[in-house]
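# Structural features, examined
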Amino acid sequence: MKTQYVLPTYGCAPFEAVRGEGSYLYDSSERRYVDFCAGIATCCLGHAHPAVVEAVSRQAATLMHCSNLYGIPGQAEVAELVVEKMIGIPGRVFFCNSGAEANDGIIKVARRFGHRRPAADGSPRYEVITFNKSFHGRTLGAMAATGQAKIQVEFDPLLVGFKYVDFNDLDALKAAVSEVTCGIMLEAIQGEGGVNPVTPEFLRGVAALCKEKDLLLMIDEVQCGYCRCGATMGWKAVCPEVEPDLVSCAKGMGGGFPMGCFWVSNRAIDGQGTELSSIMGAGSHGSTFGGTPLACAAAKAVITELIAGKYEERAARLGEVVKSTVEGWNLPCVETVRGKGLLRGIGLRKGSFAVPEGLTPAAHVNALCREAGLLACPAGPDTLRLIPALNIPEEVLEEGLAILKSVLEKLA
Ligand SMILES: *Cc1c(COP(=O)(O)O)cnc(C)c1O
C-alpha cells in the first residue's frame with residue numbers, strides 16, 4: 001500500500017480490506033476474515049446488504065446531493081422513523097454525518113438551553129458533566145466532552161465547560177453539579193472506553209437528578225443505538241422508562257454509509273410550554289452534507305430492515321450466546337464478559353499472558369485474532385470488543401467464536 005500521502009493518525013493493521021459479503025471481509029489476497037468489528041459497529045446489516053445496496057444505488061443515480069437549501073423528501077421519512085421507531089418519544093431530528101458532529105450538536109443545544117434557563121443570578125449555564133472513560137468523538141467539542149486524557153494530549157487549551165466524574169458513581173455526580181451545570185451526558189454502554197454498561201440505578205438516579213436540578217439528560221447512542229444492545233436504543237436495554245432530552249446517533253444508522261443525527265425532545269422547558277426542540281430555530285445550526293438524499297436512502301433502508309427483522313431481539317439473543325460461550329471456556333485470560341446485546345467486551349486478566357513491548361493486551365490479542373482470521377476491535381487497554389453485524393448468521397458467529405477460542409487458549 002502506498003500510504004506516504006496519508007496522515008498517519010491510525011495505527012493501521014497490515015491488511016487491506018477490499019471486499020465484504022455479509023459478515024465476511026476479504027483482503028487484497030482474497031483471504032477471508034470473520035468480521036466481529038463491522039466497521040466499528042457501523043455495518044449493522046453486514047457488508048453489501050442487498051436492500052441497502054439497492055437503495056443507495058438507485059438514489060445515487062437519481063439525486064445524490066442538493067444541499068439543505070431545498071427540501072429533501074428522504075429526511076422527513078427518516079426523521080419519522082427515528083422519532084417513532086427508534087427513540088419512541090416525541091421530538092425532532094437534525095441530520096449530520098458522524099458521531100462527533102452529533103455530539104457537538106447536542107452540546108450546542110445544551111448551551112442554548114443554559115441561556116434560556118440561566119442560573120439564579122441570570123448568567124447562562126454552560127457546563128456539561130460527562131464521565132471518565134467516556135468517548136464522544138474527536139472534534140474540539142466532542143474531544144473536550146470525552147473523559148479520557150489520552151484523547152486530549154497536546155490539544156489544550158480545551159473547550160471550556162466540561163467536568164468528568166466516575167461512571168456509575170451517583171454521589172460523585174451530585175457533588176459535581178454546580179450553578180452553571182446545564183446537562184449530563186453519557187453513553188448507556190461506554191464503547192471505546194472498555195464496554196462498561198451504566199447500571200439501572202445510576203441511570204435512574206441521573207434522570208431524577210436532571211429533573212431536580214433542571215438539567216438536560218444527554219445520551220450518546222452513537223455506538224449502542226440502533227438495535228445493537230438488545231433494544232432499539234442502548235438506554236432502553238438498561239431502563240426503558242427513562243426519557244432523555246437529547247440523543248446523538250451515528251455509526252449503525254447508515255449501515256456503513258456516513259449518517260448521523262441528533263434528536264431533541266419536544267418536552268416543555270418552562271411554564272409557558274416552550275418545547276426544547278423549538279430553541280433551535282432557523283440559522284441556529286447547519287451542515288452542508290447533513291441528511292443528503294443519498295444518506296437518507298441508506299438510513300431509510302437500514303432502519304426499515306432493522307424494524308422488520310426485529311434485530312434488537314436478535315442482538316439480545318445472540319449477545320447471550322456470545323457471553324455464555326466465552327464464559328463457558330473458563331479460560332484464565334478471560335476475567336469478565338461485559339456489555340449488552342451484540343456490544344460485548346472481553347475483559348482480559350492482567351498478567352495472565354505475555355504482551356510484546358509497546359502493545360496493550362487488547363491490541364496484542366486483537367492482532368493475534370486477525371492473524372487467525374477474525375477481525376475484532378480493542379476497547380481501552382484491556383478489553384477486546386466484539387461488535388459483529390446484527391444479522392450475522394449463527395454459524396458465522398460460531399465460526400468466529402471458534403477462532404477466538406483457539407487464540408485465547410494459546411495465550412493461556
Ligand atoms: C464512535 C463514537 C463517537 C464518534 O463518532 P465519529 O463518527 O467517529 O465521529 C462518539 N460517541 C461514541 C459513543 C462512539 O462510539
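Residues numbered from 1 in each chain as written. Predicted model: local features only at pLDDT ≥ 70, side-chain atom pairs only at ≥ 80, totals over all residues. Heavy atoms only, no water.

A few words on the site of the ligand. Around the ligand, the structure places 13 residues, and the nearest of them are Gly 99, Ala 100, Asp 220, Gln 223 and Lys 251. Within the contact set of the ligand, an oxygen atom lies 2.8 Å away from a backbone nitrogen or oxygen of Ala 100. Take Phe 135: an N or O atom from its main chain is 3.2 Å from a nitrogen atom of the ligand. For the ligand, whose unbound accessible area comes to 380 Å², protein coverage reaches 82%. Residue contributions to the shell around the ligand peak at three residues, all from helix H4 (residues 99-116). (Near = heavy atom within 4 Å. Polar contact = N/O pair within 3.5 Å; in protein donor to acceptor, adjacent residues only side chain to side chain. Areas by Shrake-Rupley, 256 points an atom, 1.4 Å probe, with all protein chains shown as cover. Helix = DSSP H or I, 4+ residues; strand = E, 2+ residues; numbered from the N terminus.)

Attention shifts here to the domain arrangement of the protein. On domain assignment, one finds that the protein holds domain 1 (17-49 + 312-411) and domain 2 (53-308). Here domain 1 and domain 2 have C-alpha centroids that lie 27 Å from each other. With 27 residues of domain 1 at the interface, the matching set in domain 2 holds 26 residues. Between domain 1 and domain 2 the total buried area reaches about 2100 Å² when both faces are included, carbon and sulfur atoms providing 63% of it. Sorting the residues of domain 1 by area buried against domain 2 places Glu 312, Lys 340 and Leu 343 first, and these three jointly supply 29% of that buried surface. Where domain 1 touches domain 2, the interface holds one salt bridge. With its nearest N and O atoms 3.2 Å apart, the salt bridge here joins Glu 192 to Arg 385. (Domains from an automatic or database assignment. Contact = heavy atoms within 4.5 Å. Buried area = accessible area lost by both parts, 1.4 Å probe. Salt bridge = Lys/Arg side-chain N within 4 Å of Asp/Glu carboxyl O.)

Time to look at the packing of helix H11 (residues 311-328) against helix H13 (residues 394-411). Interhelical geometry of H11 versus H13 gives an angle of 25 degrees and a closest axis separation of 11 Å. Viewed along their axes, H11 and H13 adopt a mutual orientation that is roughly parallel. Considering only the axes of H11 and H13, their crossing is right-handed. Only Glu 394, Leu 397, Leu 401 and Leu 404 of H13 make contact with H11, whose side of the interface consists of Arg 314, Arg 317, Leu 318, Val 321, Val 322, Thr 325 and Val 326. Classifying every residue of the contact of H11 with H13 by side-chain character gives seven nonpolar, one polar and three charged. (Axes fitted to C-alpha atoms, helices over the stretch in contact; angles between N-to-C directions. Parallel < 35°, antiparallel > 145°, perpendicular 65-115°, else oblique. Left-handed = near helix turned anticlockwise from the far one by under 90°. Nonpolar A, V, L, I, M, F, W, Y, C, P; charged D, E, K, R; others polar.)

Okay, the environment of Gly 347 next. In this fold, Gly 347 is placed in strand S14 (residues 343-348). Owing to a relative accessible area of 4%, Gly 347 belongs among the buried residues under this scheme. Separated by 153 residues in the primary sequence, Gly 347 and Gly 194 place their C-alpha atoms 8.1 Å from one another. In this structure, Gly 347 is in contact with Cys 333, Val 334, Glu 335, Thr 336, Arg 338, Asp 382 and Thr 383, ignoring residues within four places of it in sequence. (Buried < 20%, exposed > 50% of the residue type's maximum accessible area, 1.4 Å probe, protein only.)

Evaluation of the coordinates by the stated rule reveals 20 salt bridges. Two residues, Arg 58 and Glu 54, come together in a salt bridge whose shortest N-O distance is 3.0 Å. A residue pair is termed a helical-turn pair when its members lie 3 or 4 positions apart in one helix, as Arg 58 and Glu 54 do in helix H2 (residues 50-60) at four residues. With relative accessibility at 43%, the residue Glu 54 sits in the partly exposed group. The partner of Glu 127 in a salt bridge is Lys 163, with the nearest N and O atoms 3.6 Å apart.

Moving on, we get to the packing of aromatic side chains. Scanning the model with the defined rule gives five aromatic pairs in all. Ring geometry for Phe 15 against Tyr 33: centres 4.7 Å apart, planes inclined by 90 degrees, an arrangement best described as edge-to-face. Here Tyr 33 lies in strand S3 (residues 32-35) and Phe 15 lies in the segment before strand S1 (17-21), a separation of 18 residues in the sequence. Of the two residues, Phe 15 and Tyr 33, neither departs from the other in class, the shared state being buried. With a centroid separation of 5.6 Å and 80 degrees between ring planes, the pair formed by Phe 131 and Phe 202 is classed as edge-to-face. With Phe 131 in strand S5 (residues 127-131) and Phe 202 in helix H8 (residues 200-213), the pair connects residues that are 71 residues apart, well separated along the chain. Here Phe 131 and Phe 202 have matching classes, each one buried. By the ring-pair criterion, three or more aromatic residues cluster together here, those being Phe 131, Phe 167 and Phe 202. Between Arg 19 and the ring centre of Tyr 26, over which it is positioned, the NZ or CZ distance is 4.1 Å. Positioned above the aromatic ring of Tyr 24 is the side chain of Arg 32, whose terminal nitrogen or guanidinium carbon lies 3.8 Å from the ring centre. (Phe/Tyr/Trp six-rings, centres within 6.5 Å; stacked < 30°, edge-to-face > 60°. Lys NZ or Arg CZ within 6 Å of the ring centre and 35° of its normal.)

Right, let's get into the sheet that holds strand S6 (residues 162-165). Strand order in the open sheet formed by seven strands is S4-S12-S11-S10-S7-S5-S6, with mixed pairing between adjacent strands. Where the open sheet ends on each side, the last strands, each with one partner, are strand S4 (91-96) and S6. Here the average twist between neighbouring strands, direction ignored, is 20 degrees. Sheet topology places S5 next to strand S7 (residues 181-187); three bridges connect them, and they run parallel. Directly across from Glu 127, in S7, lies its bridge partner Thr 181. (Pairing = 2+ DSSP bridges.)

Packed helices, taken two at a time, are described by the angle between their axes plus the distance between the axes. Direction vectors running N to C along helix H12 (residues 361-372) and H13 enclose 125 degrees, while the axes themselves pass 9 Å from each other. Looking at the two axes, H12 sits oblique to H13. Along this stretch, H12 crosses H13, giving a crossing that reads as right-handed. Facing His 364, Val 365, Leu 368, Cys 369 and Ala 372 of H12, the residues of H13 in contact are Ile 403, Leu 404, Val 407, Leu 408 and Leu 411. Residues that form the contact of H12 with H13 fall into these classes: nine nonpolar, one polar and no charged.

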